[in-house]
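Given next are the chains, with one letter for each unit.
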Amino acid sequence: MKIFPLTLLPNDANIDFMRLRWVSIAVAAIIMFVAIGAMGTRGFNYALDFTGGNLIEAHLDKPMPLDTVREKLAADGYDSAQVQTYGSGNQLLIRLQPREGESGDVATKHAADAVSKAVTDAGNKAQIVRNEFVGPQVGKELALKGLYALLFVVVGFLIYIAFRFEWKFAVAAIITTLHDVVVVAGWFAITGHEFDLTVLAGILSVMGYSINDTIVVFDRVRENFRSMRADPEAVLNKSINQTLSRTVITSFVAFLTVVALYIYGGGSLRGMAESQMLGIIIGTLSSIFVACPLLTLGLLKVTKQDLMPKAKDEAALARRP
Amino acid sequence: MLTFARWKYFAIVAVLILSVIYALPNAYPQDPSVQVSAAKAGTTAIDAPLAKRIEGILAEAKIPSKSIKVEEQGNLLVRLADTEQQTRAADLLRPRLGSDYVVALSLAPTAPKWLESLAAKPMPRGLDLQGGVHFVMQVDQNAALDKRLDAYVEDIRSTLRDAGVPYTSVVRRGNEALVATLGVNADKAKAQQRLRASFPNLGLSLDGQTVTLDVPQSELNRISLEAIEQNLNTLRNRINAFGVAEPVIQRQGTDRIVIQLPGLQDTAEAKRQIGATATLEFRAVVGDEAAAAAAVRDRSVPPDARVYYTENKVPLLLSKRLLVSGDQLVNAQPMTDPQTGRQGVSINLNSVGGQRMLDHTLENVGKRLGIVYVEQIPTTSIVDGKEVQSIRTDERVINSATIQGVFGKSFQTTGLSAEESKSLANQLKSGALAAPMVFVEERVVGPSLGAENVKRGTTAVLYSFVFALTFFLIYYRMFGLITCLALLLNLLMVIALMSLMGATMSLPGFAGLALSVGMSVDANVLINERIREELRAGVPPQAAIATGYDKASGTIFDSNMTALLAGVALWAFGTGPLQGFAMTMIIGILTSVFTAVTVSRGIATLLYGGRRKLKSIAI
């Protein structure tokens, strides 16, 4: 019976992922250390949500070179002003961090003055459409809460997976997930793309996606360990191959939905979509190349006994002479 | 084999119907409208003549209204075409209707009555989607502590005095302790016993002649918490009086308050109303205007008096002795004097204030009584390049009427404009703030930006669906169609559940919706791939479907439970937009498990389960 008109991947995929495991783990580790290094050295380009400052939208009669605006603002004491155009070229979005020792109304007023001064020249009148002041400490509290959330998730995953699977799986799944989160966060450090609250939400949701992906593969590993008579490496390989088409298709469709968000969601959702797009790619790759190989290493090396129902073990023991 | 219990079909149909009903109100656009209600229940009628009057006012200004109707809740609702006319109408009606009415901007549902009667309501929209003002205020907790601890010092003094224990001093030592030094012949045991009884929350220790009352951390925390709660209540009262429909006033952390006023665009006015702390002081007038002017000129102010100024900058001498202060005030209402038609405020005092007023008026009929309006205005100034938050106190004599007769607890003061008396009454009634506050964040979202965000969000969700559905239809054919139906029901259920829970829809909420599509895709792909796998292994179609669903279900459960954990963490530790996003994620995960495992299986069984000999299936 011919029932498969279309497949993204060959049905009988049999790639030996385990043979590559040292390479893939090394690559994953290198990427992760690069990400950590970038976060350590470059840090994040925190948005106003975290730093506090003014968000100003200005409408010009005629477009103006952005560098000129930047220079003029710098001359006025705003060193790290971010100036970008949106819509047509005469609409500017400017983010200013307050000058030293200013906040609230004073900062708002100064920011507006500085911007009108910087963008107005002969024959080009600027109109300030929007001027918002965003407080900084809220961001700090939230960053701390993000850390708590991370801890909560790690402990929650540990308990749940150790309970449903085995502690080795739990540890491997958490390492994989944290790897993904670190890499996505590192991406924002490397590129210097703005890190705002929605990016934070995106990164935390990557955690959900990544663990989901890993668990699907582990679930198959658990199933195969019980039914196959083979060494652990063969079981792991078989499991990855069996779930490969599902992994790729799911990621492909999920990626499509997030692309829609990236294209049509507008500026304020772009950071979130970007973190999720990257998270889906990394999460997919790591569930294939990192999660299972980890189960063959050192303390995490799984054996058939680890997954056999305990009652059976005891029964088998009892039968022994 | 491929079977599906009949009751499960009924359950699915029931869920479908309920989802449609509760998601439906979101499909009806909301009318920008102006809501008119009575400033004080029962005093002013909201009736047909008022509707006629409003109609006249609007017609005069050429503002077309969709409808002007008195509602069952006793409000009058004027529906308008757009937000611009809404603002114009409200600005026009406020002064014309006067202080008897509260004029508020609101969004009126256009969904039919039967939906409302089923408690089906549209999701409230976040500020980013409908426009409005967002403030974050910081409460000065140190000031709150100072105020409370200073009050403790006073209380300790009076306790010792009442007990007849001589003391030389009672002082504060930072925020940690209160130290009372007793007189040489003082009865230490008595002091200790009385103080312990009066201040059970404080730790007490005696050393020589000094009694130390330690303020434990728990007590400091309690003071902080009470301060922010009191401020929260005060703000809530002021904002309610100010007339904004569906405001959000929330505590954030230990010292912040988030305020969202949908529909409002004027930050300056909102800040003035929210930030002002007003109180009244009643003081005897010592000399008339001429005497005061002379005193100012000669710098010869009597020692028991102080110079105050009226609104017109005319000096007036008032006694330094405070007769009655704002915290003895029980209630204040704007009113119109029936005899003179003049606007004023009717004031009620508590018994202590009433007694003092009675004592004073008994001896001073014919003399003048000054009412001083004290407003504390938080200001920010720059001193030596550093920002300094300070409170400017604005005092002015608002009234210095002659005492007409003896009065006690309740009396009126007139001579204010209608606006002034309303605003004064509101501020007095809502009480004082426990601690001063400063604005640390403000955002204004314009209504057009909000409309644009709604458009962007819906477009993004729409396309994420189109992308996913198209792929499924091509890739899995008949099972793709089943998946599509499951995904659509999933979306419907998420919207229905969010509406039912009253979750606020915001821009990140749309992202959550798109993400929940991505999540539910996973469950469906797992099932479809498993069925294909079974077919490849040579299992007959019907058995393949049944096994596919059975085997995938376990995987779906485990993988979604873990993803759910991540969602719960985001919800528990996030605030505002993050929580909205997490909520959609959580709901999306739960509904996608239901639709993928149960609903799609039901449809598949309906299609393929009945046939005797099924040769092939389109997957």
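Summary of the structure given here. (Residues numbered from 1 in each chain as written. Chains lettered and ligands numbered in written order. Predicted model: local features only at pLDDT ≥ 70, side-chain atom pairs only at ≥ 80, totals over all residues. Heavy atoms only, no water.)

### What about unusual backbone geometry?
Residue and element names in this part refer to chain B.
So, step 1. In this structure, K62 takes a positive phi of about 60° despite not being glycine.
So, step 2. Its place among the elements puts K62 in the loop between helix 2 (48-60) and strand 2 (65-70).
So, step 3. With a phi close to 50°, R477 is a non-glycine residue in the positive phi region.
So, step 4. Inspection of the secondary structure assignment puts R477 in helix 13 (residues 447-501). (Helix = DSSP H or I, 4+ residues; strand = E, 2+ residues; numbered from the N terminus.)

### Let's talk about the interface of chain A and chain B
So, step 1. The interface of chain A with chain B comprises 70 residues on the first partner and 72 residues on the second.
So, step 2. With both sides pooled, the region where chain A packs onto chain B buries about 6200 Å², and carbon together with sulfur makes up 66% of that total.
So, step 3. Counting the contacts that link chain A with chain B gives six salt bridges.
So, step 4. Between the two partners, chain A and chain B, sit nine residue pairs in polar contact (both at pLDDT 80 or more).
So, step 5. Elements supplying a minimum of two residues to the side of chain A that touches chain B: helix 4 (104-119), strand 5 (126-134), helix 5 (137-164), helix 7 (197-227), helix 8 (232-264) and helix 9 (267-294) of chain A.
So, step 6. Per-element accounting of the side of chain A that touches chain B gives the leading share, 15 residues, to helix 7 of chain A.
So, step 7. Taken together, the residues of the side of chain A that touches chain B sort by class into 37 nonpolar, 19 polar and 14 charged. (Contact = heavy atoms within 4.5 Å. Buried area = accessible area lost by both parts, 1.4 Å probe. Salt bridge = Lys/Arg side-chain N within 4 Å of Asp/Glu carboxyl O. Polar contact = N/O pair within 3.5 Å; in protein donor to acceptor, adjacent residues only side chain to side chain. Nonpolar A, V, L, I, M, F, W, Y, C, P; charged D, E, K, R; others polar.)

### Thoughts on the sheet that holds strand 3 (residues 76-80) of chain B
All names here are of chain B.
So, step 1. Pairing is antiparallel in the open sheet, where four strands are placed in the order 2-3-1-4. A single partner strand is all that each edge strand has here, and the edge strands are strand 2 and strand 4 (101-108). The average undirected angle you get between the axes of adjacent strands in this sheet is 20°.
So, step 2. As paired elements, strand 1 (residues 31-38) and strand 4 share eight bridges and run antiparallel to each other. Along strand 4, the bridge assignment pairs V34 with L105.
So, step 3. Here helix 2 sits on the sheet in contact with strand 1, strand 2, strand 3 and strand 4, set at roughly 160° to strand 2. (Pairing = 2+ DSSP bridges. Axes fitted to C-alpha atoms, helices over the stretch in contact; angles between N-to-C directions.)

### Here's the deal with the pairing of strand 3 of chain B
Residue and element names in this part refer to chain B.
So, step 1. Burial analysis of strand 3 places five of its five residues in the buried class, the great majority of the element.
So, step 2. Every second residue of strand 3 is oriented toward a common face, with L76, V78 and L80 on one face and L77 and R79 on the other, all of them buried.
So, step 3. Relative to strand 3, strand 1 is paired through four bridges, and the arrangement is antiparallel. Note on strand 3: the bridge partner recorded for V36 is L76.
So, step 4. Note that strand 2 and strand 3 share five bridges and pair antiparallel. Of the residues in strand 3, the one forming a bridge with S65 is L80.
So, step 5. As consecutive antiparallel partners, strand 2 and strand 3 are separated by five residues, and within that stretch G74 has a phi angle of approximately 85°, a positive value. (Buried < 20%, exposed > 50% of the residue type's maximum accessible area, 1.4 Å probe, protein only.)

### A look at the packing of aromatic side chains
So, step 1. Counting across every chain of the model gives 19 aromatic pairs over all chains.
So, step 2. Judged by centre distance (5.9 Å) and plane angle (85°), the rings of Y46 of chain A and F195 of chain A are edge-to-face. You can see Y46 of chain A sitting in strand 1 (residues 45-46) and its partner F195 of chain A sitting in strand 6 (residues 194-195), a full 149 residues away along the chain.
So, step 3. Given a relative accessible area of 34%, Y46 of chain A falls into the partly exposed group.
So, step 4. Between F4 of chain B and Y9 of chain B the ring centres are 4.9 Å apart and the planes differ by 70°, which places this aromatic pair in the edge-to-face class. (Phe/Tyr/Trp six-rings, centres within 6.5 Å; stacked < 30°, edge-to-face > 60°.)

### So, the sheet that holds strand 9 (residues 210-214) of chain B
Residues and elements named next belong to chain B.
So, step 1. Here we have four strands laid out as an open sheet, ordered 6-7-9-8, and antiparallel in their pairing. Edge positions in the sheet fall to strand 6 (167-173) and strand 8 (203-207), since each has one partner strand and no second. Each neighbouring strand pair of the sheet contributes to a mean axis angle of 15°, computed without reference to strand direction.
So, step 2. Examined bridge by bridge, strand 7 (residues 177-182) and strand 9 share five bridges and lie antiparallel to one another. The residue of strand 9 that forms the bridge with A180 is V211.
So, step 3. Sheet strands in contact with helix 6 (residues 141-163) are strand 6, strand 7 and strand 9, and its direction is about 160° off that of strand 6.
So, step 4. Across the sheet, helix 7 (residues 188-198) is in contact with strand 7, strand 8 and strand 9; its angle to strand 8 comes to roughly 170°.

### Let's talk about the side chain of N75 of chain B
So, step 1. Within the secondary structure, N75 of chain B sits in the loop between strand 2 and strand 3.
So, step 2. Once you skip the residues sitting within four places of it in the chain, N75 of chain B turns out to touch Q35, V36, S37, I46, K69 and V70 of chain B.

### Quick notes on the environment of N237 of chain B
So, step 1. Within the fold, N237 of chain B resides in helix 8 (residues 217-242).
So, step 2. Separated by 57 residues in sequence, N237 of chain B and A180 of chain B place their C-alpha atoms 39 Å apart.

### What to know about the packing of helix 8 of chain A against helix 13 of chain B
So, step 1. Taken N-terminus to C-terminus, the directions of helix 8 of chain A and helix 13 of chain B make an angle of 155°; their axes are 8 Å apart at the nearest point. What the angle tells us is that helix 8 of chain A and helix 13 of chain B run roughly antiparallel. In this structure, helix 8 of chain A crosses over helix 13 of chain B, and the sense of that crossing is right-handed. Seen from helix 8 of chain A, the contacting residues are I249, F252, V253, L256, T257, A260, L261 and Y264 of chain A; seen from helix 13 of chain B, they are R456, T459, A460, Y463, S464, F467, A468, F471, F472, Y475 and Y476 of chain B.
So, step 2. Across the contact of helix 8 of chain A with helix 13 of chain B, the residue classes tally to 15 nonpolar, three polar and one charged. (Parallel < 35°, antiparallel > 145°, perpendicular 65-115°, else oblique. Left-handed = near helix turned anticlockwise from the far one by under 90°.)

### Quick look at the environment of T181 of chain B
Residues and elements named next belong to chain B.
So, step 1. Within the secondary structure, T181 is located in strand 7.
So, step 2. T181 sits 325 residues away from S506 along the chain, and the two C-alpha atoms are 59 Å apart.
So, step 3. Ignoring sequence-local partners within four residues, the contact set of T181 consists of Y167, T168, S169, Q209 and T210.

### Some thoughts on the packing of helix 1 (residues 21-41) of chain A against helix 9 of chain A
Residue and element names in this part refer to chain A.
So, step 1. Put simply, helix 1 and helix 9 touch, their axes get as near as 9 Å, and they point 110° apart. Between helix 1 and helix 9, the angle is such that the two are roughly perpendicular. As helix 1 packs across helix 9, the resulting crossing turns out to be left-handed. In contact with R21, S24, I25 and A28 of helix 1, helix 9 contributes F289, V290, P293 and L294.

### Section: the nonpolar core
So, step 1. I161, F169 and F218 of chain A together with F479, I531, I545 and I617 of chain B are the most contacted members of the largest nonpolar core, which has 138 residues in total.
So, step 2. In terms of residue count, the dominant contributor to this core is helix 13 of chain B (19 residues).
So, step 3. Discounting residues that sit within four places of it in the chain, I545 of chain B has contacts with L2, F479, I531, A604, Y608 and I617 of chain B. (Core = buried A, V, L, I, M, F, W, Y, C linked by side-chain atoms within 4.5 Å.)

### Some details on the environment of I527 of chain B
Residues and elements named next belong to chain B.
So, step 1. Considering the arrangement of structural elements, one finds I527 in helix 14 (residues 507-536).
So, step 2. C-alpha of I527 to C-alpha of S553: the two residues are 26 residues apart in sequence and 7.8 Å apart in space.
So, step 3. Excluding anything up to four places from it in sequence, I527 contacts Y549, A552, I556, A596, V597 and S600.

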